[in-house]
Amino acid sequence: MAIKMAPYIIRISSQKGGVGKTTIAVNLAVSLQSMGYRTLLIDADTTNPSVGFHLGMEGANVGLKDLLKKERKLKDVISLHGATGVHVICGTLNSQPFAINESNAKSIYEKIKDANYSFVVVDTEPGYTTEYIPKVYDEALLITTPEMPAVASIVRMSHAFDKLHLKHHMVINKLGKHRYELHPREIEETYGSKAVGILPEDEIVPISISEHIPAVVLSRRARFSMAVNDLAETYSAMSSEEPEREAPHGFWGRLLGIFRR
Ligand SMILES: Nc1ncnc2c1ncn2[C@@H]1O[C@H](COP(=O)(O)OP(=O)(O)O)[C@@H](O)[C@H]1O
Ligand SMILES: [Mg+2]
């Protein structure tokens with residue numbers, strides 16, 4: 001008999017905005033799903049939800065807010081992204097900012113833990129409230145760019161998470177070949193551990209956002225996409241669960257399936 005495993009819940013975090021949290025959350029979720037892991041992507045950026053723009057789902061009229069206010073059941077706020085098979089709890093773009101606190105977060109994550117997912121990827125807003133975070137997440141994935149203000153902010157965040165005994169990893173995003181950038185080695189030394197992913201600056205990212213198609217689907221061979229797929233492989237290796245090897249979903253999924261063979 002198959003034993004049901006709890007999903008592995010990853011909080012995509014940074015104190016700074018614009019470092020690539022949403023882009024990475026979306027592409028990592030799609031990549032994990034295309035590897036056969038049932039994946040739920042949650043837009044928990046309560047002030048500026050933007051997952052919908054990346055996936056062409058900006059019209060979603062139910063989302064996390066309805067779940068937190070207990071106005072809808074979990075299954076009623078999950079939308080299927082038809083092209084990739086990823087399940088998504090969208091932000092509602094026209095709603096006022098709202099607060100996630102310990103009691104409402106715990107109640108929804110308890111339901112999510114019971115749902116049949118291997119990975120849950122949670123996009124968040126810049127900054128953090130610390131209290132409830134270790135109670136609901138398995139780890140924080142800290143996103144930085146190769147510049148000191150961003151690195152300093154994730155180091156600060158990592159110290160806070162250490163105090164809360166929340167596991168964390170770091171991704172360096174938008175690595176270009178600019179003279180003024182910090183070298184990944186310097187960033188790793190400052191953070192105190194190796195990066196789990198180094199993602200290049202790549203024009204496929206803004207192009208994919210404007211097309212509303214995740215980069216890993218739009219161009220699997222783009223350097224950014226290959227680096228995200230490597231990151232998903234790293235999480236696959238960390239996860240004890242075998243992927244379900246679901247049939248690739250939708251047109252893009254089938255296309256991905258052809259390239260994976
Ligand atoms: N690897 C990358 N290469 C090029 N542009 C990127 C990359 N990652 C993110 N961007 C760009 O940076 C901007 C901010 O990305 P976003 O994912 O919205 O960041 P955040 O969610 O942290 O605010 C977007 O305009 C996006 O196109
Ligand atoms: Mg964002």
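Residues numbered from 1 in each chain as written. Chains lettered and ligands numbered in written order. Predicted model: local features only at pLDDT ≥ 70, side-chain atom pairs only at ≥ 80, totals over all residues. Heavy atoms only, no water.

From N to C terminus, the protein includes 12 helices and 8 strands. Across the protein, contacts joining residues at least 24 apart in sequence account for 78% of those joining residues at least 6 apart. By element, 52% of the accessible surface of the protein is carried by carbon and sulfur atoms, the whole surface being about 12,300 Å². (Helix = DSSP H or I, 4+ residues; strand = E, 2+ residues; numbered from the N terminus. Contact = heavy atoms within 4.5 Å. Areas by Shrake-Rupley, 256 points an atom, 1.4 Å probe, with all protein chains shown as cover.)

Now for the pairing of strand E8 (residues 197-200). Alignment of strand E7 (residues 167-175) against E8, held across 3 bridges, turns out to be parallel. Each residue of the ladder has a partner; that of isoleucine 172, found in E8, is isoleucine 198. (Pairing = 2+ DSSP bridges.)

A separate point is the site of ligand 1. If you check the shell around ligand 1, you find 16 residues, and the closest are Gly18, Lys21, Thr22, Thr23 and Pro200. Within the contact set of ligand 1, an oxygen atom lies 3.0 Å away from a backbone nitrogen or oxygen of glycine 20. Separating a nitrogen atom of ligand 1 from a backbone N or O atom of aspartate 202 is a distance of 2.9 Å. Taken by itself ligand 1 offers 570 Å² of open surface, and the protein chains cover 77% of this. When atom positions are compared with the pocket grids, ligand 1 is found to occupy the largest pocket. At the level of elements, helix H1 (21-34), E7 and helix H9 (204-211) are the ones that each hand at least two residues to the shell around ligand 1. (Near = heavy atom within 4 Å. Polar contact = N/O pair within 3.5 Å; in protein donor to acceptor, adjacent residues only side chain to side chain. 1 Å grid on protein atoms, 1.4 Å probe; cavity = no way out; pocket = protein on both sides within 12 Å on 5 of 7 lines; lining within 4 Å. Sits in = over half its atoms within 2 Å of the grid points.)

Right, let's talk about the layout of surface pockets for a bit. In this model, the largest pocket occupies a volume close to 300 Å³. Lining the largest pocket are 22 residues, and of these Gly18, Val19, Gly20, Lys21 and Thr23 sit closest to its centre. When residues of the lining of the largest pocket are traced back to their parent elements, those giving at least two are H1, E7 and H9. Residues belonging to the lining of the largest pocket are distributed by class as follows: 6 nonpolar, 10 polar and 6 charged. (Points joined across faces, edges and corners; volume = space filled by probe spheres on them. Nonpolar A, V, L, I, M, F, W, Y, C, P; charged D, E, K, R; others polar.)

Okay, the nonpolar core next. Within the largest apolar cluster, 42 residues are counted, with the highest numbers of intra-cluster contacts made by Leu41, Leu141 and Tyr235. Mapped onto this core, the elements with two or more residues apiece are strand E1 (8-13), H1, helix H2 (51-55), strand E5 (119-124), strand E6 (139-144), H9, helix H10 (215-218) and helix H11 (223-238). Contacts of leucine 41, omitting those with residues within four sequence positions, involve Ala25, Val26, Ala29, Val51, Leu55, Val86, His87, Val88, Ile89 and Val121. Listed in part, the 37 residues of the second largest apolar core include Val77, Ile133, Tyr137 and Leu166. (Core = buried A, V, L, I, M, F, W, Y, C linked by side-chain atoms within 4.5 Å. Buried < 20%, exposed > 50% of the residue type's maximum accessible area, 1.4 Å probe, protein only.)

Our next topic: the pattern of salt bridges. The final tally for this structure, using the stated rule, is 3 salt bridges. Close ionic contact of lysine 75 with aspartate 76 constitutes a salt bridge, the shortest N to O distance being 3.4 Å. We note a salt bridge from lysine 194 to glutamate 188, for which the minimum N-O separation is 3.7 Å. (Salt bridge = Lys/Arg side-chain N within 4 Å of Asp/Glu carboxyl O.)

Let's shift gears to helix H7 (residues 148-163). Its 16 residues place the ends of H7 23 Å apart at the C-alpha level, agreeing with the 22 Å of an ideal helix rising 1.5 Å per residue. Those residues of H7 not exposed but buried are Ala150, Val151, Ser153, Ile154, Val155, Met157, Ser158, Ala160 and Phe161. Following H7 by one or two positions, histidine 165 adopts a phi angle in the positive range, close to 60°. (Expected span 1.5 Å × (residues − 1).)

It is worth spelling out the packing of aromatic side chains at this point. Under the counting rule described, the total for this entry stands at 4 aromatic pairs. Look at tyrosine 8 and tyrosine 235: their rings are 6.5 Å apart centre to centre, the planes differ by 45°, and that puts the pair in the tilted class. Here tyrosine 235 lies in helix H11 and tyrosine 8 lies in strand E1, a separation of 227 residues in the sequence. Under the relative-accessibility criterion, tyrosine 235 is labelled buried at 1%. A network of ring pairs unites the aromatic residues Tyr8, Tyr37, Phe119 and Tyr235 as a single cluster. Here the basic side chain of arginine 38 rests over the ring of tyrosine 117, its NZ or CZ set 5.2 Å away from the ring centre. (Phe/Tyr/Trp six-rings, centres within 6.5 Å; stacked < 30°, edge-to-face > 60°. Lys NZ or Arg CZ within 6 Å of the ring centre and 35° of its normal.)

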